[in-house]
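Residue-level structural notes
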Amino acid sequence: MNNYIKINHAVKKYQENTVLNDINLEFESGNIYGIIGRNGSGKTVLLKSICGLIHLTGGEIIVNDKIVGKDIDFPENIGIIIETPGFLSNYSGFKNLQMLAGIKNKIQKNDIKESIKKVGLDPDSKKHVGKYSMGMKQRLGIAQAIMENPDILLLDEPMNGLDNQGVKEMRELFQKLKEEGKLMILCSHNPTDIEILCDHVYEIDRGIIKQLY
């Protein structure tokens with residue numbers, strides 16, 4: 001199936017502050033789209049609007065023929081990492097993901113373990129997440145985003161807290177996911193991530209977006 005996101009005249013206002021200003025975009029499977037912009041430019045609000053966590057003031061977002069907030073509250077088959085991943089500190093990484101997977105009940109233990117391995121963590125480790133480094137928590141957040149094999153991935157600063165080796169490994173993982181036909185949107189402050197990974201790049205500033213390439 002060819003997955004897509006279509007954004008038509010999206011507007012988001014908080015009182016007098018316009019965070020998204022008449023955004024029109026289309027995203028398709030098999031591509032990584034980069035969105036750059038300073039803090040407060042609207043990147044995170046845009047991603048949260050796509051996955052139904054924020055409701056638009058005007059316009060619409062269509063994910064695979066369904067209007068978000070009208071036909072569906074939350075689009076199916078989307079994996080997200082937005083802001084700092086939140087986990088229960090007194091449980092292992094596997095146990096945290098197992099509890100989250102229980103919400104939809106779509107995957108088995110082996111699927112969870114496989115996603116943890118893909119991000120370079122040990123699925124059988126009994127170490128509590130509270131003892132994880134920031135980089136390990138970020139890896140676990142990425143494992144959570146991919147564990148149900150979503151067709152669409154929304155990644156907001158996915159390299160946060162990772163060392164050079166971690167960044168290299170996650171870049172390789174994202175390239176592989178793209179080759180599998182995933183639709184991926186990546187927000188990053190790191191121009192190298194954008195340059196290496198992204199097929200198309202947009203810049204957002206004061207809620208207005210323009211395509212750079």
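Note: the structure precedes this text.
Along each chain, numbering runs from 1 in the same order as the chain's sequence is written. Local features in this predicted model are restricted to residues whose pLDDT is 70 or higher, and side-chain atom pairs enter the listing and the counts only when it is 80 or higher, whereas totals over whole chains, interfaces and linings include all residues. Computation of side-chain values covers all heavy atoms of the structure but excludes hydrogens and water.

**Some remarks on the packing of helix H2 (residues 93-104) against helix H3 (residues 109-118)**
- Note on definitions: angles span 0 to 180 degrees between N-to-C directions of axes, and those axes are lines fitted to C-alpha atoms, for helices only across the stretch in contact. Secondary structure elements follow DSSP: runs of H or I no shorter than four residues count as helices, runs of E no shorter than two count as strands, and numbering proceeds from the N terminus. The N-to-C vectors of H2 and H3 enclose an angle of 130°; their axes lie 10 Å apart at closest approach. With respect to H3, the axis of H2 lies oblique. Crossing hand, H2 versus H3: right-handed. In this structure, H2 uses Gly93, Phe94, Leu97, Gln98 and Ala101 to contact H3, whose residues at the interface are Lys109, Ile112, Lys113, Ser115 and Ile116.
- Among the residues making up the contact of H2 with H3, the classes are represented as 5 nonpolar, 3 polar and 2 charged. In these notes the angle categories are as follows: under 35 degrees is roughly parallel, over 145 is roughly antiparallel, 65 to 115 is roughly perpendicular, and the rest is oblique. Definitions for this section: a left-handed crossing has its near helix turned counterclockwise from the far helix by less than a right angle. A right-handed crossing has that turn clockwise. Note on contacts: a residue pair is in contact if any heavy atoms of the two residues lie within 4.5 Å. Throughout this entry, Asp, Glu, Lys and Arg are counted as charged residues, while Ala, Val, Leu, Ile, Met, Phe, Trp, Tyr, Cys and Pro are counted as nonpolar. The remaining residues, Gly among them, count as polar.

**Brief notes about the side chain of Asp193**
- Residue placement: Asp193 occurs in helix H6 (residues 191-197).
- When near neighbours in sequence (up to four residues on either side) are disregarded, Asp193 contacts Met159, Val167, Arg171, Leu186, Ser188 and Cys198.

**Structural notes on the packing of H2 against helix H4 (residues 134-146)**
- The N-to-C vectors of H2 and H4 enclose an angle of 30°; their axes lie 11 Å apart at closest approach. The angle between the axes of H2 and H4 places the two elements in the roughly parallel class. Crossing hand, H2 versus H4: right-handed. Along the contact surface, H2 presents Gly93, Leu97 and Leu100, while H4 presents Leu140, Ala143 and Gln144.
- For the contact of H2 with H4, the residue count by class is 4 nonpolar, 2 polar and no charged.

**What about helix H1 (residues 43-50)?**
- Only protein chains enter the calculation, and the probe is 1.4 Å; a residue is then buried if its accessible area is under 20% of its type maximum, exposed if over 50%, and partly exposed in between. Extensive coverage of H1 is indicated by the burial of 7 of its 8 residues.
- Of the positions making up H1, those classed as buried are Lys43, Val45, Leu46, Leu47, Lys48, Ser49 and Ile50.
- Backbone geometry just after H1 places Gly52 at a positive phi near 85°.

**Some details on the sheet that holds strand E3 (residues 32-36)**
- In space, the 6 strands of this open sheet follow the order E6-E7-E8-E3-E9-E10, with mixed pairing throughout. In this open sheet, the two strands that pair with only one neighbour each are strand E6 (78-81) and strand E10 (208-211). Strand after strand, the sheet turns through a mean of 15° between neighbouring axes, direction not considered.
- The criterion for strand pairing is that DSSP finds at least two bridges linking the strands in question. One ladder, built from 4 bridges, connects E6 with strand E7 (residues 152-156); its direction is parallel. Considered in E7, the bridge of Gly79 is made with Leu153.
- Of the strands in this sheet, E3, E6, E7, strand E8 (183-187), strand E9 (200-205) and E10 touch H1, which is tilted by about 155° from E7.
- Across the sheet, H4 is in contact with E6 and E7; its angle to E6 comes to roughly 165°.

**With respect to the layout of surface pockets**
- Computed from the structure, the largest pocket encloses a volume of approximately 620 Å³.
- Lining the largest pocket are 22 residues, with Ile78, Gly79, Ile80, Lys104 and Gln144 sitting closest to its centre.
- Contributions of two or more residues to the lining of the largest pocket are made by E6, H2 and H4.
- For the lining of the largest pocket, the element with the most residues is E6, which contributes 4 residues.
- Looking at the lining of the largest pocket residue by residue, the class counts come to 14 nonpolar, 5 polar and 3 charged.
- Note on definitions: the grid is 1 Å and covers protein atoms alone; a cavity is a set of points where a 1.4 Å probe fits but cannot get out; a pocket is an open set with protein on both sides within 12 Å along at least five of seven lines; lining residues have an atom within 4 Å of a point. Grid points are joined across faces, edges and corners, and a volume is the space filled by probe spheres set on the points. In this structure, the second largest pocket encloses a volume near 230 Å³.
- Met1, Asn3, Val63, Asn64, Lys66, Ile72, Pro75, Glu76, Asn77, Lys104, Lys106 and Asp151 are the residues that line the second largest pocket.
- In terms of residue class, the lining of the second largest pocket is built from 4 nonpolar, 3 polar and 5 charged.

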